[in-house]
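Examination of the molecular architecture
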Amino acid sequence: LIYCYSKPKTKRAKRFLEKREPKLKENTKTAMLIKGGNANLTVTEVLKDIYAVKKPFAVLYKKKNITRPFEDQTSLEFFSKKSDCSLFLFGSHNKKRPNNLIIGRMFDYHVLDMIELGVEKFVSLKDVKNSKCPEGTKPMLIFAGDMFDLSEEYRRLKSLLIDFFRGPSVPSIRLAGLEYVLHFTAVDGKIYMRSYKVLLKKSGCKIPRIELEEMGPSLDLVMRRTHLASDDLYKLSLKQPKALKPKKKKNISHDVFGTTYGRIHMQKQDLGKLQTRKMKGLKKRPAEKSAERDGVSPKKSKSA
């Protein structure tokens, strides 16, 4: 098969193709939020609230799409390529699986892994009458519960949630910018998602007193079906280019406390010419200097 790629005819098309080209540092991952053909009001409100949390790195599809991701993934892959999104959240509702959410991610525009979650309780943003964080705020993610470390499915869910909500990478952190917390708790087979706004109060010292104020949305979730990538494919998706791998520095080591030690290689030195501190007591007397010139030892042997 011979594939022909036509060159872009306009500058706008050229910029569009350049934006999608592979890069050493990829763009911030964008999520698409899709409503199923039989989505009810609860699922619709959940998608709207998650979209409000994810903006501007999210695309919300308002029209209903009749698809079943666990049976046919072609429509998800088509939407992923169309909108250049590597994350997705699909909402649906039926008698067998009420208030259903499917969260997943793509690799090379193909579904890598996805997990089905059921919404048992939901409190929306508008139900909580508190002040909200501004759009585009990067959240702090907290995970509580042993299941996130013991179970492979919960480990993959934790990785998926971090990927979904982490937002853009930042070079530095400002204290006043830490104002939004997403807390996930896994206990008794359920996942509790809570969101809080961080309030910095006066404490009488340099470090402020921190209080958490519930902001919404909050979800009580239960895990249903899972579609996890194989270990080989998962390792391939985590592979980094050689240019991003840190280069080893010679003669530098670190101890257990993080202290850096460097080894310096120097040429052999002649210590005979080393300049020492001059002291009166070390100065030679005139008789010793003249004896050294004549080749006679200045020390006299004691007579018996």
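All of these numbers come straight from a predicted model, not from anything done at the bench.

This part is about the overall build of the chain. Within the chain one finds seven helices and 12 strands. Taking 19 Å as the expected radius of gyration for a compact globule of 304 residues, we find that the chain reaches 33 Å, considerably beyond that expectation. Overall size of the chain, expressed as C-alpha extent along the three principal axes, is 120 × 65 × 40 Å. Across the 304 residues that make up the chain, the buried fraction comes to 30%.

Turning to the environment of Pro208, a few remarks are in order. Its location among the elements puts Pro208 in the loop between β8 (190-201) and β9 (209-214). Given the relative accessible area of 25%, Pro208 is considered partly exposed. Residues within four places of Pro208 in sequence aside, it is in contact with Leu175, Leu200, Lys201 and Ser203.

In this model helix α5 (residues 152-165) runs 20 Å from its N-terminal to its C-terminal C-alpha over 14 residues, within 8% of the 20 Å that 1.5 Å per residue would give. When α5 is considered as a whole, its buried residues turn out to be Tyr154, Arg156, Leu157, Leu160, Leu161, Asp163, Phe164 and Phe165. At the C-terminal side of α5, Gly167 shows a positive phi close to 80°.

Attention now goes to the UniProt feature "domain: Brix" (unreviewed entry) in the chain. As recorded in UniProt, the sites labelled "domain: Brix" (unreviewed entry) are residues 29-232. Measuring from the first to the last C-alpha atom of residues 29-232 gives 22 Å, for a span that is 22% helix and 41% strand.

This brings us to the packing of aromatic side chains. As enumerated under the stated definition, the model contains seven aromatic pairs in all. With a centroid separation of 6.0 Å and an interplanar angle of 40°, the aromatic rings of Phe165 and Phe184 are classed as tilted. Placement of Phe165 in helix α5 and of Phe184 in strand β7 (residues 180-187) is noted, with a sequence separation of 19 residues between them. Side by side, Phe165 and Phe184 carry an identical accessibility label, which is buried.

Looking now at unusual backbone geometry. With omega at 5°, the peptide bond leading from Lys55 into Pro56 counts as cis. Residue Gly216 is joined to Pro217 through a cis peptide bond whose omega torsion reads 0°. Within the element layout of this structure, Pro217 appears in the loop between β9 and β10 (218-227). Phi is positive for Asn99, close to 50°, though the residue is something other than glycine. One can find Asn99 in the loop between β3 (87-92) and β4 (100-107). Its identity as a non-glycine residue notwithstanding, Asp108 has a phi of 60°, on the positive side.

Where like charges cluster on the molecular surface, the positive patch consists of Lys278, Lys280, Lys283, Lys289 and Arg293. Mapped onto the elements of the fold, Lys278 is located in the loop between β12 (260-262) and α7 (286-294). When its relative accessible area of 70% is taken as the criterion, Lys278 is described as exposed.

Here is what the cut-offs are and how they apply
- Residues numbered from 1 in each chain as written.
- Predicted model: local features only at pLDDT ≥ 70, side-chain atom pairs only at ≥ 80, totals over all residues.
- Heavy atoms only, no water.
- Helix = DSSP H or I, 4+ residues; strand = E, 2+ residues; numbered from the N terminus.
- Rg over C-alpha atoms; globule rule 2.2 N^0.38 Å.
- Buried < 20%, exposed > 50% of the residue type's maximum accessible area, 1.4 Å probe, protein only.
- Contact = heavy atoms within 4.5 Å.
- Expected span 1.5 Å × (residues − 1).
- UniProt positions renumbered as here; feature names shortened; annotations may be inferred.
- Phe/Tyr/Trp six-rings, centres within 6.5 Å; stacked < 30°, edge-to-face > 60°.
- Patch = residues over 30% accessible without salt bridge, like charges linked within 9 Å, V, L, I, M, F, W, Y side chains within 5 Å.
- Areas by Shrake-Rupley, 256 points an atom, 1.4 Å probe, with all protein chains shown as cover.
- Salt bridge = Lys/Arg side-chain N within 4 Å of Asp/Glu carboxyl O.
- Lys, Arg positive; Asp, Glu negative; His and termini not counted.
- Charge placed at Lys NZ, Arg CZ, Asp CG, Glu CD.

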